[in-house]
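The residues making up each chain are set out below.
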Amino acid sequence: MTDATDVQAFEDGSAEDRELLGGKGANLAEMVGLGLPVPPGFTVTTEACREYLRTGELADDLWERIEHQVDALEEKMGRTLGDVEAPLLVSVRSGAPASMPGMMDTVLNLGIGSVAEEGLAAETDERFARDAHRRFVEMFGEIVLGIDADALAGVRDEVVADAGVDDASELDADQLADLIGRERDLVRGETGEDLPDDPREQLRAAIAAVFGSWDNDRARNYRRMEGIPDDLGTAVNVQAMVFGNRGQDSATGVAFSRDPSTGEPRPYGDWLRDAQGEDVVAGIRATEDLADLADEMPEIHAQLTDILQRLEEHYRDVQDVEFTVEDGTLWILQTRTGKRSAQAALRIAVDLVDEGVIDEDEAVRRVSPDDIDRLLHPQFDPEVDYEVLTTGLAASPGAASGEVVLTADEAARRGRDGDAVILVRIETSPDDVHGLDAARGVLTARGGLVSHAAIVARSLGKPAVCGADEVTIDLDAKTFQVGDVTVSEGEVISLDGATGEVVVGEVDLVEPRPEERFHLLLRWADERRRLGVRANADTADDAATAREFGAEGIGLCRTEHMFLGDRVPLVRRFVLASDDDERTDALRELESVQEEDFAALLEAMDGLPVTVRLLDAPLHEFLPDTEELVAADATGDLDDEGAALLDAVRTWAEVNPMLGTRAVRLAVLHPELYRMQVRALVKAAERRRGDGGDPHVQIMIPLVINGPETAAAIGWVREAIDEVDGEGVDVSIGAMIETPSAALLAEEIAGEAQFLSFGTNDLTQMTLGFSRDDVAGRVVQPYVDQGLLPVDPFQSVHEDTVGRLVRSAVASGRRGREDVDLGICGEHGGDPDSIRFFHDVGLAYVSCSPFRVPVARLAAAHAALAERDDDR
């Protein structure tokens, strides 16, 4: 059942009504309150949308209130929908509470028909009126009536070709009349009915269609990518049309109060003279830089610049403004917080603090963990020579190489298979968002810096080069061409979204070096977070990188990685040993090389804790491939050593290795393995101490299931420490909680261990029964798409299952040992949503890969600020 909150005039709302009016409607209302030149209109609210999505129709009482607002709008404008004397045309535009640029539908020039066209022609000219009619038929036909867009485009292309012009903007009045007639014939042939001329019938259908677009594929895909809830709904804004295509004193454009790509504090944007708004976004015509407006329309430029500054001061953030100039009069059609690149987000946040607009808390909130991650994106190696094929607009920073694909569907398919692809398009539309998400980067032949491709690529952190007008695409031949160079689909190209350069072939990339603002913002974040941030690092180089990025220690050193490469023969010697002496000799050599590894690691992390996980991998992983050995045996090509290896492979082979003889279970059979590793580690720590260093060693037992098992393993560790007289070394011994059993028995395990670290990778697999190797790529995404899982549990902690075990284990672990140190070292340690959860349950630290350390530092600060806000 609807009520009066379902329809609201702009002047009756404010920015605080965002959930009800949607972002666009709330900001239109706010601008009206500020006295800015906004065309009058009203909003049909998100409440009405949710009711429509539930029932599938606009309720009669809601329609009565909409008609009442239409009457009021006609009175304000002195015009009437469908009138021949003074026709009123309106736009019908979506506007969700969360910004979803271009993902839902819009209908412009609504209200026109044969009668209104006549009246509009009398006011202006015949060609203008017919062009408005043509635009309406195309938008209404596609969006409301479901006519195939390619079919409509085909009709338009036929008329354009017959007229011998380049596009529809060059058709004269008679040619436009022919086009309108053909398009209406197409509608009649497809639907069996004429396109309605009654403007109120048009309006009712258009509002329903825009509500329905909340559930179109591109909107759903975008919400999934951005984490926007599906139950918000969209508002619909009905607004009097103003026309940027009324002649040379008219224009339309998009302006930002600051550069959304670099953050430079200057107005920035694109505009077109004698055009409607979709011409700018779609890249149909070459746009002009906003700075040129100062020369072409100086008074309008000055007024617009003043409005941009007023809006930025009012909202205390960068604004993205759509504007239209009609016969020399400026109108503001929309403002919203401007989407920006990661580089711009950082600069803008810090600059606004320097300008006294926001405080440091707000600056930390304004930069997302994803922004920090994107600031570490690669760029072309400046030391490498390469030949530039073409240069377009530097629309979204970062660099990438990949195979050319020419459709969004192909990009999505190849991306799902793990292929590196670059999406090359004439221009992108909201229907391409799934391909943009899957591609490493995007190249478009048309479109400016505020085109769809540029905006979406910046929001996704993907490099983009737009408006590369030398690029000609032939979809039938599956090629694109620049001059006399032809590039086929499947060939590799590289692009740099910071310079606009496009190169045939793969270009070496280098990691960026973050600027001082990066480090300043993270220092602010460090002052606010409670969670510690450590790194998962297995080598001294990894540790050095982690420390450079602000890691406060190593939360996970996976020692099995130290057994790879030229160390594999030593492990095989241990496995193949026929007696204790041979096994001891192999361990002695392993101990020697492990000691050197640990010494380098402790030096890199001097003064900080280093958590070393004892061997976790099963021994069969260090043995040759079974099939190769069997094949060699069958052909008689297996020597004695190969025969011994085949016997070992068969001995150690397991049906389910993840749950097999690995980690502490292997040590139960061969405790000398753990003793060897502990001796090597303690010796390395003694050496570091002797050199004046300050080593802090934490030894972690993996895959434990209960207290007795943990106590036995800790006993072997202590025996090994005693063997090398390591009493002077700062050593603590803990356990890894990665089995449901360990989580349930955390109290008794903590009674034995000094610290507990959650290994959420295995804990997720064992709790959900999902093999990450077999299921993650095949099953998880369909589960998320169908609502069977809220998130990918290998990306973000599944709070109802794994999260519940973690929360319970934290509480029971503290009962077992009041001062037990609690952390997490699974891949979830670098995921912002998981970090919020780990903060809430009271862990002491998270550990993640070195390049995720800055992300985790900021995410931990966001969690702390959110908790503080909730407590107020």
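Before any of the text, the structure's been laid out above.
The text that follows walks through the structure, step by step, so that each part is easy to find. Just so it is clear, the structure is predicted and the values come from calculations on it, not from any experiment.

1. Some details on the overall build of the protein
Alright, step 1. From N to C terminus, the protein includes 34 helices and 33 strands.
Alright, step 2. Its C-alpha radius of gyration of 32 Å places the protein within 12% of the 29 Å reference for a compact globule of 872 residues.
Alright, step 3. The dimensions of the protein, computed from C-alpha atoms along their principal axes, are 105 × 65 × 50 Å.
Alright, step 4. Looking at the protein as a whole, 55% of its 872 residues qualify as buried.
Alright, step 5. By sequence separation, contacts in the protein at least 24 residues apart represent 69% of the contacts at least 6 residues apart.
Alright, step 6. Element-wise, carbon and sulfur atoms account for 44% of the exposed surface of the protein, whose accessible area totals about 35,400 Å².
Alright, step 7. Each charge class in the protein can be summarised by its mean position, and for the 82 positive and 177 negative side chains these summaries are 4 Å apart.

2. Observations regarding the pattern of salt bridges
Alright, step 1. Under the defined criterion, the tally for this structure stands at 76 salt bridges.
Alright, step 2. For R528, the salt bridge goes to E527, with nearest N and O atoms at 3.4 Å.
Alright, step 3. One salt-bridge network, in which partners are shared between bridges, spans D317, R340, E362, R365, R366 and D869.

3. Observations regarding unusual backbone geometry
Alright, step 1. Even without being a glycine, N109 presents a positive backbone phi close to 60°.
Alright, step 2. The class of N109 is buried, set by a relative accessible area of 0%.
Alright, step 3. A positive phi angle, near 60°, is found at R316, a position not held by glycine.
Alright, step 4. For R316, the position within the fold is in the loop between α12 (298-315) and β11 (319-326).

4. Some remarks on the packing of aromatic side chains
Alright, step 1. Scanning all chains against the criterion turns up eight aromatic pairs.
Alright, step 2. Both rings, one in Y52 and one in F211, keep their centres 5.8 Å apart while their planes meet at 40°; by these two values the pair is tilted. Of this pair, Y52 sits in helix α2 (residues 46-55) while F211 is found in helix α8 (residues 199-212), placing the two residues 159 residues apart along the sequence.
Alright, step 3. Of the residues examined, Y52 reaches a relative accessible area of 15% and is grouped as buried.

5. A short note on the sheet that holds β11
Alright, step 1. Strand order in the open sheet formed by five strands is β10-β9-β8-β11-β12, and the pairing between neighbours is antiparallel. Both edges of this open sheet fall to β10 (288-289) and β12 (329-337), since each of them pairs with a single strand only.
Alright, step 2. Bridge count between strand β8 (residues 251-256) and β11: six bridges; the pairing is antiparallel. In the sheet register, A255 faces β11, and the bridge partner there is V321.
Alright, step 3. In this fold α12 packs onto β8, β11 and β12, with an angle of close to 30° to the strand it touches most, β12.

6. Remarks on the sheet that holds strand β31 (residues 755-758)
Adjacent strands of a sheet form backbone hydrogen bonds with each other and so pair up, either parallel or antiparallel.
Alright, step 1. Taken in spatial order, the eight strands close into a barrel running β26-β27-β28-β29-β30-β31-β32-β33, and their pairing is parallel. Each neighbouring strand pair of the sheet contributes to a mean axis angle of 25°, computed without reference to strand direction.
Alright, step 2. Summarising the sheet, strand β29 (residues 696-701) and strand β30 (residues 730-737) pair through six bridges and their orientation is parallel. If you follow M700 over to β30, its bridge partner there is G734.
Alright, step 3. Across the sheet, helix α27 (residues 707-723) touches β29 and β30, and the angle it forms with β30 is around 155°.

7. Some thoughts on the packing of helix α13 (residues 342-354) against helix α19 (residues 516-528)
Alright, step 1. One way to put it is that α13 packs onto α19 with a least axis distance of 10 Å and a crossing angle of 65°. What the angle tells us is that α13 and α19 run roughly perpendicular. For the element pair α13 and α19, the recorded crossing hand is left-handed. Across the interface between the two elements, L346, R347, V350, D351 and V353 of α13 pack against R517, F518, L520, L521 and W524 of α19.
Alright, step 2. Per-class residue counts for the contact of α13 with α19 are seven nonpolar, no polar and three charged.

8. Topic: the nonpolar core
Alright, step 1. I372, L756 and L843 are the most contacted members of the largest nonpolar core, which totals 118 residues.
Alright, step 2. Examining the composition of this core, we find that nine residues originate from one element, helix α26 (residues 671-690), more than from any other.
Alright, step 3. The contact partners of L756, leaving out residues within four places of it in the chain, are A735, I737, A746, I749, A750, G813, V820, D821, L822 and G823.

9. Topic: the environment of F380
Alright, step 1. Structurally, the position occupied by F380 is in strand β13 (residues 379-380).
Alright, step 2. Of the residues examined, F380 reaches a relative accessible area of 5% and is grouped as buried.
Alright, step 3. Residues F380 and G497, spaced 117 residues apart in sequence, show a C-alpha to C-alpha distance of 10.0 Å.
Alright, step 4. Dropping the residues within four chain positions of it, F380 is found in contact with Y386, A399, S494, L495, D496, E501, V503, V507, D508, L509 and V510.

10. Overview of the environment of A129
Alright, step 1. Relative to the helices and strands, A129 resides in helix α5 (residues 126-144).
Alright, step 2. The exposure class assigned to A129 is buried, which follows from its relative accessible area of 0%.
Alright, step 3. In this structure, the C-alpha to C-alpha distance between A129 and S114, residues 15 residues apart in sequence, is 9.9 Å.
Alright, step 4. Those residues in contact with A129 that sit more than four places away from it in its chain are I112, E117, L120, A121 and T124.

Cut-offs and rules
Residues numbered from 1 in each chain as written. Predicted model: local features only at pLDDT ≥ 70, side-chain atom pairs only at ≥ 80, totals over all residues. Heavy atoms only, no water. Helix = DSSP H or I, 4+ residues; strand = E, 2+ residues; numbered from the N terminus. Rg over C-alpha atoms; globule rule 2.2 N^0.38 Å. Buried < 20%, exposed > 50% of the residue type's maximum accessible area, 1.4 Å probe, protein only. Contact = heavy atoms within 4.5 Å. Areas by Shrake-Rupley, 256 points an atom, 1.4 Å probe, with all protein chains shown as cover. Lys, Arg positive; Asp, Glu negative; His and termini not counted. Charge placed at Lys NZ, Arg CZ, Asp CG, Glu CD. Salt bridge = Lys/Arg side-chain N within 4 Å of Asp/Glu carboxyl O. Phe/Tyr/Trp six-rings, centres within 6.5 Å; stacked < 30°, edge-to-face > 60°. Pairing = 2+ DSSP bridges. Axes fitted to C-alpha atoms, helices over the stretch in contact; angles between N-to-C directions. Parallel < 35°, antiparallel > 145°, perpendicular 65-115°, else oblique. Left-handed = near helix turned anticlockwise from the far one by under 90°. Nonpolar A, V, L, I, M, F, W, Y, C, P; charged D, E, K, R; others polar. Core = buried A, V, L, I, M, F, W, Y, C linked by side-chain atoms within 4.5 Å.

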